[in-house]
Amino acid sequence: MSKRENGKVMKDLKKKLKKKIIDIAQPREKRIYIRVEPEKTPEVVEYLFSKYKCKFCTASGIDMREGIEIIYHLAREDKNMVINVKTLVPYSKLEIESIGRRIKAFRWIEREINEMFGVIFKGHPDMRRLILPDSFPKGKYPLRKDFKNSDVTDEDYDYERSGI
């Protein structure tokens, strides 16, 4: 994709998303980052998925100083481009509306981010554990910076007891 076409994509996204976004940047030719507030995230991601013809790749969670940053990675294959939607869910209110409530493809990754980081996805139809055994302590999140292996015991990883 040429620089001119890249510019068209950026201009189009700015026009369509307007006040829903905090910032939009293109640090590399085939990658766009859109920063949004948590309450606008489902609307922006759903627009990219349903109207802008992006395919959902995955989502990432990152433990930041102020909260958990969630990055939704979407691919626009005809433009050979990845569009990332970034939002910061503050520790003071670790919850965000579920995208998986309306688009099934997002359900499993929301379950994983909930389990590993403690983010609550409001309206998610099935928030049961995905990776960790049921015996793993509630309120302990293995991918958060404050997690210490000494916080759990061997029994907490008892997969047989958990029925997995």
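Predicted model, so just to flag it, every value in this text is computed and none were measured. (Residues numbered from 1 in each chain as written. Predicted model: local features only at pLDDT ≥ 70, side-chain atom pairs only at ≥ 80, totals over all residues. Heavy atoms only, no water.)

## Points about a positive patch on the surface
The line we're drawing: For patch detection, residues must exceed 30% relative accessible area and be free of salt bridges, and they are connected within 9 Å for like charges or within 5 Å for nonpolar side chains (Val, Leu, Ile, Met, Phe, Trp, Tyr). In this description, accessible areas are obtained by the Shrake-Rupley approach with a 1.4 Å probe, and a residue is regarded as covered only by the protein chains that are shown. By convention in these notes, a salt bridge is any Lys or Arg side-chain nitrogen within 4 Å of a carboxyl oxygen on Asp or Glu. We treat Lys and Arg as the positive residues and Asp and Glu as the negative residues; His and chain ends play no part in the count. A single reference atom marks each charge: NZ on Lys, CZ on Arg, CG on Asp, CD on Glu. Secondary structure elements are taken from DSSP: a helix is a run of H or I of four residues or more, a strand is a run of E of two residues or more, and numbering for both begins at the N terminus.
A cluster of basic residues, Lys11, Lys15, Lys16, Lys18 and Lys19, forms a positive patch at the surface. Secondary-structure assignment places Lys18 in the loop between helix H1 (3–17) and strand E1 (23–28).

## What about the domain arrangement of the chain?
Test applied: As used throughout, domain bounds are those supplied by an automatic or database domain assignment. Any two residues whose heavy atoms approach within 4.5 Å are treated as being in contact. Note on definitions: buried area is the accessible-area loss of two parts on being combined, 1.4 Å probe, summed for both.
The assigned domain composition of the chain is domain 1 (3–125) and domain 2 (132–164). Just the C-alpha atoms count here: the centres of domain 1 and domain 2 sit 28 Å apart. Counting from both sides, the interface comprises nine residues of domain 1 and, opposite them, eight residues of domain 2. Taken as a group, Asp63, Glu115 and Met116 account for 66% of the area that domain 1 buries against domain 2, more than any other trio of residues on that side.

## Here's the deal with the sheet that holds strand E4 (residues 67–76)
For clarity, the cut-off: Each pair of strands is called paired provided DSSP finds at least two bridges between the two strands. Lines fitted to C-alpha atoms define the axes here, with helix axes fitted over just the stretch in contact, and angles between the N-to-C directions of these axes take values from 0 to 180 degrees.
With respect to topology, five strands assemble into an open sheet ordered E1-E2-E5-E4-E3, the strand pairing being mixed. The open sheet has two edge strands, E1 and strand E3 (55–63), and neither has a second partner. When the angles between neighbouring strand axes are averaged without regard to direction, this sheet yields 20°. The sheet contact formed by E3 and E4 spans eight bridges and is antiparallel. What sits directly across from Lys55, in E4, is Ala75. Taken strand by strand, helix H2 (residues 41–50) contacts strand E2 (31–35), E3, E4 and strand E5 (81–90), and its axis lies near 165° from that of E5.

## Remarks on the layout of surface pockets
Stated formally: Definitions used throughout: a 1 Å grid over protein atoms alone; a cavity as a set of points that fits a 1.4 Å probe which cannot get out; a pocket as an open set with protein on both sides within 12 Å along at least five of seven lines; a lining residue as one with an atom within 4 Å of a point. Grid points are joined across faces, edges and corners, and a volume is the space filled by probe spheres set on the points. Throughout, the ten residues Ala, Val, Leu, Ile, Met, Phe, Trp, Tyr, Cys and Pro are labelled nonpolar, Asp, Glu, Lys and Arg are labelled charged, and all others, Gly among them, are labelled polar.
There is about 210 Å³ of room inside the largest pocket. Looking at the largest pocket, the residues that line it are Arg111, Asn114, Glu115, Met127, Arg128, Arg129, Leu132, Pro137, Lys138, Gly139, Lys140 and Tyr141. Taken together, the residues that form the lining of the largest pocket break down as four nonpolar, two polar and six charged. Looking at which domains feed residues into the lining of the largest pocket, each of domain 1 (3–125) and domain 2 (132–164) supplies at least three.

## Points about the state of the cysteines
How we decide: Any two cysteine sulfur atoms within 2.5 Å of one another count as a disulfide.
Counted according to the given criterion, the structure contains zero disulfides. Between Cys54, a cysteine without a disulfide, and Cys57, which holds the nearest cysteine sulfur, the sulfur-to-sulfur distance is 8.8 Å.

## Some details on the pattern of salt bridges
Two side chains of opposite charge can pair, provided their charged atoms sit close to one another. Condition: Three exposure classes are used, based on accessible area relative to the maximum for each residue type with a 1.4 Å probe and protein chains only: buried under 20%, partly exposed in between, and exposed over 50%.
Throughout the structure, instances matching the rule amount to eleven salt bridges. In this structure, Lys122 and Glu95 form a salt bridge, with 3.7 Å as the shortest nitrogen-oxygen distance. Here the residue Lys122 occupies a position in strand E7 (residues 120–122), and Glu95 occupies one in strand E6 (residues 95–97), the gap between them amounting to 27 residues. Owing to a relative accessible area of 30%, Lys122 belongs among the partly exposed residues under this scheme. For Arg111, the salt bridge goes to Asp126, with nearest N and O atoms at 3.8 Å. A residue pair is termed long-range when its members are at least 10 positions apart, and Arg111 in helix H3 (residues 107–117) and Asp126 in the loop between E7 and helix H4 (159–162) qualify at 15 residues. Overall, Asp126 belongs to the partly exposed group, its relative accessible area being 26%. A cluster of three or more residues bridged by salt bridges with shared partners is formed by Glu95, Glu97, Arg101 and Lys122.

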